[in-house]
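Fold and geometry: a report
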Amino acid sequence: MTRARYQQVSLSETPFYHCICRCVRRAFLCGRDHYSGQDYEHRRQWVVERLATLVDVFAIDLCAYAVMSNHYHVVLRVDQARAESWTQREVAEHWMRLFSGPLLVQRWLRDETGEVESLKALEIVEEWRSRLYDLGWFMRCLNEHLARRANEEDGCKGRFWEGRYKSQALLDEKALLSCMAYVDLNLVRAGMAATPETSDYTSLQQRSRAVQNKSSIEKVPTLLPLVDGEHIESDDSTTICRMRLMDYLELVDATGRALRSDKRGAIDGSAAGILDRLGVDQTVWLENMAPRKQRAPLAIGPLAKVRAFAEATGRRWIAGQNVACALG
């Protein structure tokens, strides 16, 4: 039975989640529709621009993304502590960048309310605070916006997305890096790009351009950075994990070479060093990076953390324990 989305998220176990959303039937989010011949390539920028807006509003960080023809991937980090640190006025200002808000709150912001009205306004603002670190509200604000724009452009009504977005908990650093690399290699695997850095509308291309100091004329989202060399041993909440950006780029490139049968060469030596440092067996890593036809596990990480996540979300058992044993 389908579970409520809040039952699939446990911030006490992990703040990192991989979310996927796919268009209904043969609808095209982006790219060229081979049946109608219509080109929807411009819609990729819609996704990127909306992500840029949402990560500035929500207390949710973007780690990785890839915009495909009929679906997209995002890897997100929910920062509950940041949302709880905002003042009530800051919460209202964040939320009202997306929604107009009731007149009562607008009057409260202008200091035009009495004591009773102020209490009611603050009650509304506190509800907004909880939404600003809610994965479901983030995805709702993304998908509804895209669906409305696409339906308006197509001159039609009705459902644009296949169903609810799918989410996958990433329970440790290894699971997070594995998922980010998978997302960043999507266009390469689909034969839409020759290399990760030439994969348009992906987080890896955006990070690569930042390394090359190439500015983008289009709006791009703020990405949660990887650690720099000086702070690689520190536990810094402003970074994704204890891996340098250059190491991550080499890791993705090496993994992509190993997965493509038409590519010559072997795994780069520096990438192998990274995997050894993380305690990941190279063979297991590549096996778990290979595309799967079966249902993706709800959570990825060490077996103990997978079982703890299952307990925290009210489950007696969770799929993916074999993968957890291999990666652990």
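Higher on the page you've got the structure.
What this report covers is the structure whose coordinates are included nearby.

Conventions and cut-offs
Residues numbered from 1 in each chain as written. Predicted model: local features only at pLDDT ≥ 70, side-chain atom pairs only at ≥ 80, totals over all residues. Heavy atoms only, no water. Helix = DSSP H or I, 4+ residues; strand = E, 2+ residues; numbered from the N terminus. Contact = heavy atoms within 4.5 Å. Areas by Shrake-Rupley, 256 points an atom, 1.4 Å probe, with all protein chains shown as cover. Pairing = 2+ DSSP bridges. Axes fitted to C-alpha atoms, helices over the stretch in contact; angles between N-to-C directions. Buried < 20%, exposed > 50% of the residue type's maximum accessible area, 1.4 Å probe, protein only. Phe/Tyr/Trp six-rings, centres within 6.5 Å; stacked < 30°, edge-to-face > 60°. Lys NZ or Arg CZ within 6 Å of the ring centre and 35° of its normal. Parallel < 35°, antiparallel > 145°, perpendicular 65-115°, else oblique. Left-handed = near helix turned anticlockwise from the far one by under 90°. Salt bridge = Lys/Arg side-chain N within 4 Å of Asp/Glu carboxyl O.

A word on the overall build of the chain. When helices and strands are tallied, the chain shows 14 helices and five strands. In the chain, the share of contacts with a sequence separation of at least 24, taken over all contacts with a separation of at least 6, comes to 65%. Total accessible area on the chain is roughly 16,900 Å²; 48% of this is exposed by carbon and sulfur atoms.

Pairing is mixed in the open sheet, where five strands are placed in the order β2-β3-β1-β4-β5. With partners counted over all chains shown, the strands left at the sheet margins are β2 (60-67) and β5 (299-300), one partner each. Sheet strands in contact with helix α1 (residues 43-57) are β2 and β3 (71-78), and its direction is about 175° off that of β2.

The next subject is the pairing of β3. By the criterion of burial, β3 is predominantly enclosed, with eight of the eight residues buried. On β3, burial covers both faces: His-71, His-73, Val-75 and Arg-77 on one face and Tyr-72, Val-74, Leu-76 and Val-78 on the other are all buried. Inspection of the sheet shows strand β1 (residues 16-22) paired to β3 by seven bridges, in the antiparallel sense. Across the sheet, Tyr-17 pairs through a bridge with Leu-76, a residue of β3.

With that out of the way, let us pick up unusual backbone geometry. With phi around 60°, Asp-111 is a residue other than glycine that occupies positive phi space. Following the sequence through the fold, Asp-111 ends up in the loop between α4 (103-109) and α5 (115-131). In this structure, Tyr-201 takes a positive phi of about 60° despite not being glycine. Here Tyr-201 is to be found in the loop between α8 (186-189) and α9 (203-211). Residue Tyr-201 is classed as buried on the basis of its relative accessible area, which comes to 18%.

This model, assessed by the stated rule, comprises four aromatic pairs. Taking the centre distance of 5.4 Å and the plane angle of 70° together, the rings of Trp-95 and Trp-137 count as edge-to-face. Pair noted here: Trp-95 is in helix α3 (residues 88-95) and Trp-137 is in helix α6 (residues 135-154), with a separation of 42 residues, a long-range link. The same class applies to Trp-95 and to Trp-137, which are both buried. Joined through ring pairs, the aromatic side chains of Trp-95, Phe-99, Trp-128 and Trp-137 make up one cluster. Its end group placed over the ring of Trp-108, Arg-89 keeps NZ or CZ at 5.4 Å from the ring centre.

Axis separation between α3 and α5 bottoms out at 9 Å; the angle between their running directions is 65°. It follows that α3 is roughly perpendicular to α5 by the angle criterion. In this structure, α3 meets α5 at a crossing whose hand is left-handed. Contacts between α3 and α5 involve Gln-88, Val-91, Ala-92 and Trp-95 from the former and Leu-122, Val-125, Glu-126, Trp-128, Arg-129 and Arg-131 from the latter.

Take the environment of Ser-199 next. If you trace the backbone, Ser-199 turns up in the loop between α8 and α9. Residues Ser-199 and Asn-186, 13 residues apart in the sequence, show an inter-C-alpha distance of 8.5 Å. Here Ser-199 is in contact with Leu-187, Val-188, Ala-193 and Gln-205, once residues within four sequence places are set aside.

The next thing to look at is the pattern of salt bridges. In the structure shown here, the tally under the stated rule is 13 salt bridges. Measuring nitrogen to oxygen at the nearest pair gives 3.2 Å for the salt bridge that ties Asp-79 to Arg-82. Residue class for Asp-79 comes out buried when judged on its relative accessible area of 18%. In this structure Arg-82 comes out as partly exposed when scored by relative accessible area, which is 24%.

Keep in mind these values describe shape, not function.
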